[in-house]
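Residues per chain, in single letters:
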Amino acid sequence: MSQIMGVINLVNEPDQLEQLTNYRCVSSVPFGGRYRLIDFVMSNMVNSGIEKVAVFAHTKYRSLMDHLGSGKEWDLDRKRGGLFILPPAVDETRELMKGDLYNFNRNRDYFERGSEQYVLVTRSHQVCQIDFRPVLEQHISTGADITMIYQEVDSDTFARARRIDVNPDGRVTMIEEYNRSLKQSKKVSMDMFLLRKELLLEIVERSLAQGYDYFVRDGIMKNLQKLKVHGYEFNGHLGIVNTIPSYYYNTMQLLQPEVWKELFLSRNPIFTKVKDEPPAKYNSEALATNSLIANGCVIEGKVQNSVLFRGVKIHKGATVINSIILQGCEIGEHAIIENAILDKDVIIRPGKVLIGDQTAQFVADKRKVI
Amino acid sequence: MSQIMGVINLVNEPDQLEQLTNYRCVSSVPFGGRYRLIDFVMSNMVNSGIEKVAVFAHTKYRSLMDHLGSGKEWDLDRKRGGLFILPPAVDETRELMKGDLYNFNRNRDYFERGSEQYVLVTRSHQVCQIDFRPVLEQHISTGADITMIYQEVDSDTFARARRIDVNPDGRVTMIEEYNRSLKQSKKVSMDMFLLRKELLLEIVERSLAQGYDYFVRDGIMKNLQKLKVHGYEFNGHLGIVNTIPSYYYNTMQLLQPEVWKELFLSRNPIFTKVKDEPPAKYNSEALATNSLIANGCVIEGKVQNSVLFRGVKIHKGATVINSIILQGCEIGEHAIIENAILDKDVIIRPGKVLIGDQTAQFVADKRKVI
Amino acid sequence: MRTKECVAMLLAGGEGRRLGLLTNQLAKPAVHFGGKYRIIDFTLSNCTNSGVDTVGVLTQYQPLVLNSYLGIGSPWDLDRKYGGVAVLPPYQRQKGADWYRGTANAIYQNMSFIEQYDPEYVLVISGDHIYKMDYSLMLDYHKQKNADATIAVIEVKWEEASRFGIMATDSQWQITEFAEKPKKPKSNLASMGIYIFSWKVLKEYLIKDEEDQHSSKDFGKDVIPAMLRDQKNLVAYPFQGYWKDVGTIDSLWEANMDLLENEPSLNLNDKSWRIYSQNPYQPSMYIAPGADVKRSMINEGCSVFGQVDHSVLFYGVEVAEDARITDSVIMPNVKIGKGAKIHRSIIGEGTIIDAGAEVGNTDGDITLIGGFDHIKLAEG
Amino acid sequence: MRTKECVAMLLAGGEGRRLGLLTNQLAKPAVHFGGKYRIIDFTLSNCTNSGVDTVGVLTQYQPLVLNSYLGIGSPWDLDRKYGGVAVLPPYQRQKGADWYRGTANAIYQNMSFIEQYDPEYVLVISGDHIYKMDYSLMLDYHKQKNADATIAVIEVKWEEASRFGIMATDSQWQITEFAEKPKKPKSNLASMGIYIFSWKVLKEYLIKDEEDQHSSKDFGKDVIPAMLRDQKNLVAYPFQGYWKDVGTIDSLWEANMDLLENEPSLNLNDKSWRIYSQNPYQPSMYIAPGADVKRSMINEGCSVFGQVDHSVLFYGVEVAEDARITDSVIMPNVKIGKGAKIHRSIIGEGTIIDAGAEVGNTDGDITLIGGFDHIKLAEG
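Quick summary incoming for the structure in this document.

1. Digging into the pairing of strand β10 (residues 149–155) of chain D
Residue and element names in this part refer to chain D.
For step 1, the next point in the chain: Among the 7 residues of β10, 6 are classified as buried, and the element is accordingly described as predominantly covered.
For step 2, the next point in the chain: Judged from the 6 bridges that link them, β10 and strand β13 (residues 189–198) form a sheet pairing that is antiparallel. Opposite V153, over in β13, you have S191 as the bridge partner.
For step 3, the next point in the chain: As paired elements, β10 and strand β14 (residues 234–238) share 5 bridges and run parallel to each other.

2. Focus on the interface of chain A and chain C
For step 1, the next point in the chain: Counting residues at the interface gives 40 residues for chain A, matched by 43 residues for chain C.
For step 2, the next point in the chain: Buried area between chain A and chain C, both sides added, is near 3200 Å², and the carbon and sulfur share of it is 51%.
For step 3, the next point in the chain: The interface formed by chain A and chain C contains 1 salt bridge.
For step 4, the next point in the chain: Note that E300(C) and R34(A) form a salt bridge whose closest N and O atoms lie 3.0 Å from each other.
For step 5, the next point in the chain: The interface formed by chain A and chain C includes 22 residue pairs in polar contact (both at pLDDT 80 or more).
For step 6, the next point in the chain: Residue composition of the side of chain A that touches chain C, by class: 21 nonpolar, 10 polar and 9 charged.
For step 7, the next point in the chain: Two strands pair when backbone bridges link them, and strand β14 (residues 280–282) of chain A and strand β18 (residues 296–298) of chain C are joined in this way by 3 bridges, in the antiparallel orientation. If you follow K281(A) over to β18(C), its bridge partner there is M297(C).

3. A few points about helix α5 (residues 135–144) of chain C
Residue and element names in this part refer to chain C.
For step 1, the next point in the chain: Three or more residues of α5 are buried, namely Y135, M138, L139, Y141 and H142. Down the axis of α5, the smallest arc covering the buried residues is 160°, so these residues share one side.
For step 2, the next point in the chain: Positive phi shows up at N146, right after α5, with a value of about 55°.

4. Topic: the environment of E254(C)
For step 1, the next point in the chain: Relative to the elements of secondary structure, E254(C) occurs in helix α8 (residues 249–258).
For step 2, the next point in the chain: Taking C-alpha positions, E254(C) is 12 Å from W243(C), a pair spaced 11 residues apart along the chain.

5. Here's the deal with the packing of aromatic side chains
Residue and element names in this part refer to chain A.
For step 1, the next point in the chain: According to the stated counting rule, one finds 52 aromatic pairs over all chains in the structure shown.
For step 2, the next point in the chain: On the numbers, 6.0 Å between centres and 80° between planes, the contact of F31 with F40 is edge-to-face.
For step 3, the next point in the chain: Taking relative accessible area as the criterion, F31 reaches 0% and is therefore assigned buried.
For step 4, the next point in the chain: The exposure class assigned to F40 is buried, which follows from its relative accessible area of 0%.
For step 5, the next point in the chain: Pairing Y35 with F264 gives two aromatic rings, centres 5.1 Å apart and planes at 5°, and the pair type is stacked. Note that Y35 is positioned in strand β3 (residues 35–36) and F264 in helix α9 (residues 257–264), a separation of 229 residues in sequence. Of the two residues examined, Y35 and F264, each falls in the buried class.
For step 6, the next point in the chain: Site record: aromatic cluster; members linked through ring pairs are F56, F84, F104, Y110, F111, F193 and F215.
For step 7, the next point in the chain: For the cation-ring pair, R34 lies above Y35, with the distance from its terminal atom to the ring centre recorded as 5.3 Å.

Calculation notes
Residues numbered from 1 in each chain as written. Chains lettered and ligands numbered in written order. Predicted model: local features only at pLDDT ≥ 70, side-chain atom pairs only at ≥ 80, totals over all residues. Heavy atoms only, no water. Buried < 20%, exposed > 50% of the residue type's maximum accessible area, 1.4 Å probe, protein only. Helix = DSSP H or I, 4+ residues; strand = E, 2+ residues; numbered from the N terminus. Pairing = 2+ DSSP bridges. Contact = heavy atoms within 4.5 Å. Buried area = accessible area lost by both parts, 1.4 Å probe. Salt bridge = Lys/Arg side-chain N within 4 Å of Asp/Glu carboxyl O. Polar contact = N/O pair within 3.5 Å; in protein donor to acceptor, adjacent residues only side chain to side chain. Nonpolar A, V, L, I, M, F, W, Y, C, P; charged D, E, K, R; others polar. Arc of directions from axis to C-beta. Phe/Tyr/Trp six-rings, centres within 6.5 Å; stacked < 30°, edge-to-face > 60°. Lys NZ or Arg CZ within 6 Å of the ring centre and 35° of its normal.

Okay, structure coming up:
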């Protein structure tokens, strides 16, 4: 049995995904042709042997609930443990404005009932393949109070993320607010924290008693002197996805075969909700290169440097370049789509031309007919 | 395939269940030793062949979600159709104050996607065994726009319910507000309405356009002249449960063997969430009469005219009379409980004496230690 | 307990000898088809789409893969509280043990399974045909004709008729004659191996047939002829549409190729009649720069760097640069090396084709490579 | 694919002849026990509570009830994406077909099932004992002792020792001798029929044993003695606690009665070690005014108007007024008429006892009434 219980904390998750989160929360934004963002951290937890995962839902979580269902796809539809989707108590509407620690407190039950010693608190917008078992090993061997996972990045992440400083002993000496001084450190927090359950509950209680209600800002950043916070460096591929530029950039990263392989062809699958779509169909005029194509697609035109979600239909003579086309879209004959993100079920009429810029993509809302 | 889609409408469900709904909505109030109120209407729908059921959740629905899960226990965890738990969109908090038609409108999707011609709109607090198939037959044969189910009652229901008048042709001529003029009619609405999907959507649209947002009050009562509303008389056992007196009265009704048999031993089971409790255990000093006892109970004392939920422990020398004891309660040695309703996990210390009145029961909150 | 109006019994015991290496470790209904499916998916999806929610699957030969594939039927929405999929292997009774000795005997041995649902009708189908059919319409027809047995029939080419069970009917579709693989067929109406029986009648004939020492315990050879002799009301149910027995390598290959038409007569993209299947965890397929894919079906988890023309690729297939695949069926997890050439072939699951190797010919017979094989570059 | 450290193989093929009428239509592990359970629930719950999530269940005799009872293992939380419960009946291969010819042969025939998980250890258990045991502790012990095979043992009464497989061990619990049902037992350490093997070693011995023409293909009689002869490291794992073989009517009755103590040694109310079972849809039990229930376990769906003393009632049992039941086990859906008397009996599922009828005696042998019987009032 795992010693860790997982918490995927969606309360006030940083969100600058604009139209993509009009009708859904960050965690349920479609990503990578057939997934939703939350699939990555959920699968990472399950693949690391974690058998109990709570999702602290907050707002716009209807599509998330539909996606997660009973947790069956992640083997989390268990009698003991398994998946717990914990929505906020909506009858007290003022509480929606409060910080995440307030939610943690409302869910003390979840923590107290489990026999697990450790809690892993994460967000849902980190795209990666990570094994949490070595993190626990390091946590125990360093004797840290809290172990936070970070990555040293070379370039801009295009996302909202906190930079941190780590001293040579591995201790975290500073955590900054989101993007406040972007270039000071190359170390980016992955917003994943491992700590003993008792400590977490203590932080919740102490912070709330003092009127503070944010886990990272109030519970951890303010206590860096008192608490021994260690960093765990993650070296695999990482995509932090909470802005439109980071969404586009990290999707296009998947077209590098080594990234695609690391994320999807390791021995640890990324699980997601099953759809019964037939294999993708290419007809005699299909012309597809450097693209990811999901099942249910029918390709009769040209597709280049693009990611097509399930059930996309590209009609004859149509061209799709450098674009992300979500589930169920239909691109009419001879239409041209370039540098675009089309949300689900968008219909592009024959002959239409939509061209965005590499740095400012054309984004079409769900179900739009253009 | 059924021609009916079900909607269990929890928006502003009449609730005077006091402490029992402090932490849960009406639909998830425990009832009858091992059920929750919603089990009855859910099972009735499923047993009538309805394969698609939406629950329009509103407030305090966390325990409801936990109870319903994926709908597996009702065989509603289906790829096509099945159970849909539709919470309100909590990010727009003002909307929680609005009437149910507003919710219907937000869920047009659910209605429009189904191929079913008819919608059955119900509440969750009617305890009965009803087959909806003859209701549809009558609906078609009378050519009614709306068929509403009612019962002619002899005595007070102790509940909040609307009285109606039906003329000799079966047409509903008047629907009153809750309990406004209690004794005018003996016909009580069971808050179950069958109508064509298109008509429902039309009512939603028209009412909202005029600024009205309550289904029964605005959509039906105001249109009794325009719409052909027929009554369907239900003759089986009925318990309307939305006040403390009606909760107590209708629970005690279950101690009549003919009521117990009609509700639970017909060919149509009342489905509920499974718990893995062993059979009830009676030791050498047990003395139990005229009671309902669920699995997991251990009886070492005296139980009389009472309903014990799962996992209740009655210690030696303790006495429980005319009471309803919810799941997980423990009654200490030589304690005396009479005319009481104990919510879940209440602990009564040895020797305590708690005696309520037949007309005003002693009610103990969940997890209280007395 | 509640009753079921119609219970389906799916014969999935076939060894499928004519599929050679493909059925070495696998019952025929479990053979891969159409880039994603197994053959049995089509019959099971027909059941669920027709509202038939109780299906007994009779297994006997190499059932391990099939059993674990079927599970409790969730992929086909057949995991029902009451009914659903039940796998029915042969078993021992107090009187002794029996393997199934023919299709009719297999049903006979499972009469108690059927009886528990007290059905009025029993649908008997097999797990080795590719087609989409609404059995509920056939049941309506059976009732309307007041039949004792209804047999679905399809017109086949005259020259192929002698390979099938052939029916002669009157103008009301009443069956007047039934001949199993006749040398000189009197009609081209072939049995599709899909029967609806009124259960009372079938039960009587199963018991009679079981007692008959000379019977081979087969529906086509024994039970149907016996009913005809007794002048039971047997009617034919004419079916139009795609239907294919994929019992040979050639027909399996052909049925796969049929899917590659621009408008195939078996439409897998029809949302009102989905073909359900177990979905393994695979990412979207990756098409590399320089790849060329035409007239093909490719499943998730594939990566294509080379050329694929007029072929079907199952999940997890890798096609390296400059490899070329034409007119072929590539089963799951096959790895095809750089510059390899594959023509008119069926390549079994998990096989590795080395760089530069060649398999098959651009015309003539279909080449079959079994599963988990390793094809090396021919020397010289 | 991922591997599993330990795979369990559960032998559930037993016909259980000594349980007479109860196993007419039912394999022994499917026999009802304890007011709510079937015997196999205990082993399956032990697996899931011990973290063993891959269980192959070997069936052969009358498996229909057992198969549909097991489903995909959801009641025991064993419906896993990878692993979980798999029902393994005998089957046909290309080489031919075989029924299981002994416990070792049953495992031998399913080696490919085990190998797919590439386990280090295999836990062999049977489905006909009542006990609660944490197999993970036994596995820890097996590893710590660096054993090739570990056999769980329990001290039995000396006079009963000759009914069991008896072990002699040294002070380190190393097994020095193993005798199957010895006439003159050298110890009272009995095998509980629970083995952990290192898979590599077991595999080698299964293959050897299969080739041995003289072997009866049994763990206790052939495989363990062969290992001992070769001086493999066999250790005993001493178990303390409740354990009962319920292979006879007497022992089945006794084990049921054991549950009725005020503090039974097998505690079913332990929330940290729940015994899981399929839960039929039944309401709370109803106790009428005038009823008297003492020292008993009564399941949901029962209605009691009469007297019940020191008895176990399964679901759906009706006890009419003035009926009196003592020292008995009443299986599901039995209807007991007014004034009927039942003493020291086991009444099979669905049986009807007419008003005024009497069954059993207040002392002496246990009376067994089979399922779906009808006991009428004796004349005169």
